[in-house]
Amino acid sequence: MNNEVKTVKKALDLSIKISETQDKLDSLYKDKFRAKPQPPTHSTVNISYPPIEPGTKFWSPALLPALICWPWIIIYYFTTYKKKKEADIEAIRNSEEYRQKCAKIDEEAKNKQKSIDEEYQKELHKYNTVTLPEYNKALDEWTIKHNKDIADTQATIKTDTANLEEHYATTKLIPFQYRDIVALKYIYNMISTSDYSIKEAIESYDKDRQRLLEEEKLYEQQQANQLAYEQNQLAYEQNELLEKQNRIADRARKDARNAAIVGTIQRHNTNKILKDRLKK
């Protein structure tokens, strides 16, 4: 019996190790090195000139004819006011004072842009000579180690799988269909804590699996029955609602029909009374 316990224990240990190593390999396949650092951005100074506010007033004596003919406002706007306003704007734009303001803004923007360009060149130089080379070096080192880890992990899985297969072939105690971790754990716990043999433990495992299967089928059947009951209940409630709606509709039609009959009788009686009064 002690030999059986050792046999199952070794198979279980190797199976668990292979499973854990496979998880490690799957994780290695998903691993990615950190993203490549982005190069510095080169910004541009936005230039904004002072707004031009012409002193042109809309109201002028030229608008007086509008008191007699209001369309004159439109004529005045396009033929006089608009042209004068545009001329004032252009005059301000070409004035020495405004030109000096714009020139000062241009100079400030130029100096600011020069400072930005110089800083950008410094950052770009550092990126190309320090940041990027350091990243590429770290990437190469990580890739070499990562590939080695994958190869070592694959080799471990291959070796352990071969040892497990040899173990099964040599001992011939564990049937093929019970060579998964769940079954091995169950069998090992049975034979290591009692006088059960592997054969008896397998029989117990089969009974336990059958019991769980029947419980699962029973649960599924109960769920199906519950669903069928709820569907039937819903159909019943819908039929009840439809029947109630039909009764209400029938009552409404009867009420409408009775009202029509009463109205006809009332109109007939009214007409008869009027005719009788006219004959007198």
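As the structure is a computational prediction, the values presented were derived from the model and not from experiment.

1. Here's the deal with the overall build of the chain
Scanning the chain from N- to C-terminus turns up five helices and zero strands. Among the 280 residues that make up the chain, the fraction classed as buried is 20%. In the chain, of all internal contacts separated by at least 6 residues, the share reaching a separation of at least 24 is 78%.

2. Describing the side chain of Thr7
With respect to the helices and strands, Thr7 occurs in helix H1 (residues 2-30). Note on Thr7: relative accessible area 5%, which makes it buried. Those residues in contact with Thr7 that sit more than four places away from it in its chain are His167, Thr171 and Leu173.

3. Quick look at helix H4 (residues 181-192)
Spacing of three or four residues puts side chains on the same side of an α-helix, whose turn is 3.6 residues. Counted at 1.5 Å a residue, the expected span for H4 with its 12 residues is 16 Å, and the 16 Å between its end C-alpha atoms agrees. Taken as a whole, H4 has its buried residues at Ala183, Leu184, Ile187, Tyr188, Met190 and Ile191. All buried residues of H4 project into a common sector of 165° when viewed along the axis, lining one side. You can read the cap of H4 off the contacts: a side-chain oxygen lies 3.2 Å from the backbone nitrogen of Val182, and it is on Asp180.

4. A look at unusual backbone geometry
Notably, Lys172 is not glycine yet its phi reads approximately 55°, a positive angle. Residue position: Lys172 is located in the loop between helix H3 (96-171) and H4. Looking at Lys172, the relative accessible area reads 70%, which means it is exposed.

5. A word on the pattern of salt bridges
The final tally for this structure, using the stated rule, is eight salt bridges. The salt bridge partner of Lys148 is Asp152, with a shortest N-O separation of 2.8 Å. On the criterion of helical spacing, the pair formed by Lys148 and Asp152 is a turn pair, its members being four residues apart in helix H3. On the accessibility criterion, Asp152 (36% relative accessible area) is partly exposed. What you see here is one network of salt bridges that share partners, running through Asp208, Arg209 and Arg211.

6. Describing the nonpolar core
Residues Val8, Ile174, Tyr178, Leu184, Ile187 and Ile191 are the most contacted members of the largest nonpolar core, which totals 24 residues. If you list the elements that add at least two residues to this core, you get H1, H3, H4 and helix H5 (198-279). If we ignore the near neighbours within four places in the chain, the residues touching Val8 are Ile174, Leu184, Ile187, Tyr188, Ile191 and Ile198.

7. Details of the packing of H1 against H3
At a minimum axis distance of 9 Å, the contact between H1 and H3 shows a crossing angle of 155°. Of the possible angle classes, the one that applies to H1 and H3 is roughly antiparallel. For the element pair H1 and H3, the recorded crossing hand is left-handed. Here the contact of H1 with H3 is composed, by residue class, of 10 nonpolar, 12 polar and five charged.

What counts, and at which threshold
- Residues numbered from 1 in each chain as written.
- Predicted model: local features only at pLDDT ≥ 70, side-chain atom pairs only at ≥ 80, totals over all residues.
- Heavy atoms only, no water.
- Helix = DSSP H or I, 4+ residues; strand = E, 2+ residues; numbered from the N terminus.
- Buried < 20%, exposed > 50% of the residue type's maximum accessible area, 1.4 Å probe, protein only.
- Contact = heavy atoms within 4.5 Å.
- Expected span 1.5 Å × (residues − 1).
- Arc of directions from axis to C-beta.
- Polar contact = N/O pair within 3.5 Å; in protein donor to acceptor, adjacent residues only side chain to side chain.
- Salt bridge = Lys/Arg side-chain N within 4 Å of Asp/Glu carboxyl O.
- Core = buried A, V, L, I, M, F, W, Y, C linked by side-chain atoms within 4.5 Å.
- Axes fitted to C-alpha atoms, helices over the stretch in contact; angles between N-to-C directions.
- Parallel < 35°, antiparallel > 145°, perpendicular 65-115°, else oblique.
- Left-handed = near helix turned anticlockwise from the far one by under 90°.
- Nonpolar A, V, L, I, M, F, W, Y, C, P; charged D, E, K, R; others polar.

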